[in-house]
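Summary of the model geometry
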Amino acid sequence: MSTTSQPASPADVRAAEPQARRIPVMIPLLGEEEAEAAADAVRSGWVAQGPRVARFEREFAAVVGAGHGVAVSSCTTALHLALVVLDVGPGDEVIVPSLSFIATANAVRYVGATPVFADVDLATGNLTVETVDAVRTPRTRAVIAVHQGGVPFDVAALRRAADGWGVGLVEDAACAAGSTAYGQPVGAGAHIAAWSFHPRKIITTGEGGMVTVDDVDLAARLRRLREHGMNISAADRHASAQPVLEAYLETAYNYRMTDIQAAVGIVQLGRLAGLVAQRRALAARYQQMLADIDGVLPVRDPAYGRTNYQSFWVLLTPAFRAGRDEVLAELARQGVSARRGIMAAHLEPAYADVRPAPLPVTERLTRDSLILPLHHALTEEDQHHVVGVLHALARG
Ligand SMILES: *Cc1c(COP(=O)(O)O)cnc(C)c1O
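Residues numbered from 1 in each chain as written. Predicted model: local features only at pLDDT ≥ 70, side-chain atom pairs only at ≥ 80, totals over all residues. Heavy atoms only, no water.

Okay, the sheet that holds strand β7 (residues 184-185) next. In spatial order, the strands read β7-β6-β11; together these three strands make up an open sheet with antiparallel pairing. The open sheet is flanked by β7 and β11 (305-306), the only strands paired with a single partner. The pairing of strand β6 (residues 180-181) with β11 spans two bridges and is classified as antiparallel. Looking across to β11, one finds that Thr180 is bridged to Arg306. (Pairing = 2+ DSSP bridges. Helix = DSSP H or I, 4+ residues; strand = E, 2+ residues; numbered from the N terminus.)

So, in C-alpha cells, the structure goes:
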C-alpha cells in the first residue's frame, strides 16, 4: 500500500535474509486455474454437490485405477463410510496401525467397534501380513491398512491374506494419490480405498475426500450414505423436468463435497503426475545429499512399488549424535519448518484406555523420525540448507 518507503539497500536485504528465509514443510500448489475454476462454479449458480463433483469422481477414479469414485467431505468421513458399508459395528474388532494420523483409529470408534493396534514395518511404516496376524482374533472384522506418507503397503500380500482370513480390507490412501504398487496405481484392485484432499496431501480441494470401489452396488450404497440415505441425489432431483419424490432408505449422513471444491479438484488432478515426478526428483536429491551422514536413514521406495513422497521422512539411528527433538529445534532456529515423524495414536490421551500389544517399531519410528520440507517450490539451495543443518549436527 505504502508508496513512500525507501527501497532497501543491498546491505539491508542481506541483513534481513536469515529471518526472511523460512522453508515451509509443505505448501499446496494452487494457481490461477484453480481460482478460475472455483469462480466458474460460483458463477454457474450451482455450488453444492452437482456436475463438477460427478466429473471429479469419474476422473479421479480413472487416475487411481478404480471403477467408481464417491466424493465426500474428507478422508475421515470416507473411512467412516467404508466401515459402515462393511457392516462393522459394536463387538467387532478392526485392526489399524497406531502409527497413523489419528483419524484412522477414530473411524473405528465412529461405528462403535474396537480399534486393535498392530505394529508396522520399519522401512515402510506400514502394516504387514505378519504384524496384522499377530493381533488377529475371532472378532476381527476388518483391517484398515494405511499407505503411510504415500509409501504403498504390500497390496498383493495383504489383500490375499485378508481374503484368506475372511476380513474386510479398507485401504487408507489419504496420502497415496499417485503412488504405485506392482506397476499399478494403489487404488487399482483395492476392495475399498479412502483418499484425502486436505492441503497437507498431494492434491487438495481445501477439505475433501473420496471413497473408491470397483463394485457398482457398493458405490450406490456409498452415494446414498453420504447424502442422508436418499434414493436419488439432490442434484438429479433438481435437474429433472418432472417432480421427483425422494425416499430416505436408511439413517445416513451429510458427507457431501461441494461443486466449488470439485472444480478445484479437477484442476489439481491434472497436476498430479507432474507433482509426483517433481517430488520424486527432489526426494532423490535429498537421498543423495544425506548418503554420507551416519545415522540418518531416509524413506525409500519399497521393492514392490513407488511412493509419491507425500512425506519425506528420515529415521535417526543411534549413530546420529543428536536426538530427534534437538534436530527439530535446530532446524526451526535455522528457518526450516520440519515436523516430528508420523504420530502414534496409542500414545495419545484419547486412546489411553487401550492396552495394545507391544509396538516397538511404531514407538521407535514416532520417537526417532522427522519429516523434512518437500514441496513444489523447494529449491536445490533450500535442500542444501536443510541438509547442512543435519551435517552440522552430525559433526557435533
Ligand atoms: C490426513 C489423513 C487422514 C485424514 O484425512 P482428512 O481428509 O483430513 O480427514 C486419514 N488418514 C491418514 C493416513 C492421513 O494422513
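The rest of the description comes next.
The buried fraction of strand β3 (residues 114-118) amounts to four of the five residues, a majority that puts the element mostly inside the structure. Pairing of strand β2 (residues 93-97) with β3 involves five bridges; the strand directions are parallel. Bridge pairing links Val94 to Pro115 in β3. Taken together, β2, helix α5 (residues 103-110) and β3 form a β-α-β motif whose crossover is right-handed. (Buried < 20%, exposed > 50% of the residue type's maximum accessible area, 1.4 Å probe, protein only. Right-handed = clockwise from strand over helix to strand, strands pointing away.)

As a packed pair, helix α10 (residues 259-290) and helix α13 (residues 380-395) sit with axes 10 Å apart at the nearest point and diverge in direction by 35°. By crossing handedness, the relation of α10 to α13 is classed as right-handed. The residues of α13 that touch α10, namely those facing Leu282, Arg285, Tyr286, Met289 and Leu290, are Glu380, Gln383, His384, Val386, Val387, Leu390 and His391. (Axes fitted to C-alpha atoms, helices over the stretch in contact; angles between N-to-C directions. Left-handed = near helix turned anticlockwise from the far one by under 90°. Contact = heavy atoms within 4.5 Å.)

Here the protein is described as being made up of domain 1 (32-269) and domain 2 (272-394). Computed from C-alpha coordinates alone, the two centres of domain 1 and domain 2 are separated by 26 Å. Taken together, the 41 residues of domain 1 in the interface contact 37 residues of domain 2. Between domain 1 and domain 2 the total buried area reaches about 3200 Å² when both faces are included, carbon and sulfur atoms providing 62% of it. (Domains from an automatic or database assignment. Buried area = accessible area lost by both parts, 1.4 Å probe.)

Further remarks concern the side chain of Ser337. Along the chain, Ser337 turns up in the loop between α11 (324-333) and β13 (339-340). Residue classification places Ser337 among the buried residues on the basis of a relative accessible area of 18%. A polar atom in the side chain of Ser337 sits 3.0 Å from the side chain of Arg339. (Polar contact = N/O pair within 3.5 Å; in protein donor to acceptor, adjacent residues only side chain to side chain.)

In spatial order, the strands read β1-β9-β8-β5-β4-β2-β3; together these seven strands make up an open sheet with mixed pairing. Across the chains shown, the open sheet's two edge strands, defined by having one partner strand only, are β1 (68-72) and β3. For this sheet the average axis-to-axis angle between neighbouring strands, irrespective of direction, equals 25°. The sheet contact formed by β1 and strand β9 (residues 209-213) spans five bridges and is antiparallel. Looking at β9, one finds that Val72 is bridged to Gly209. Of the strands in this sheet, β1, β8 (192-196) and β9 are in contact with helix α3 (residues 51-64), which crosses β1 at around 130°.

On to the site of the ligand, then. Near the ligand there are 15 residues, and of these Cys75, Thr76, Asp172, Ser196 and Lys201 occur at the shortest range. Take Thr76: an N or O atom from its side chain is 2.5 Å from an oxygen atom of the ligand. Contact distances for the ligand include 2.7 Å between an oxygen atom and a side-chain N or O atom of Ser196. Protein chains bury 92% of the 380 Å² of accessible surface belonging to the ligand in isolation. Here the residues of the shell around the ligand are counted per class, giving six nonpolar, seven polar and two charged. (Near = heavy atom within 4 Å. Areas by Shrake-Rupley, 256 points an atom, 1.4 Å probe, with all protein chains shown as cover. Nonpolar A, V, L, I, M, F, W, Y, C, P; charged D, E, K, R; others polar.)

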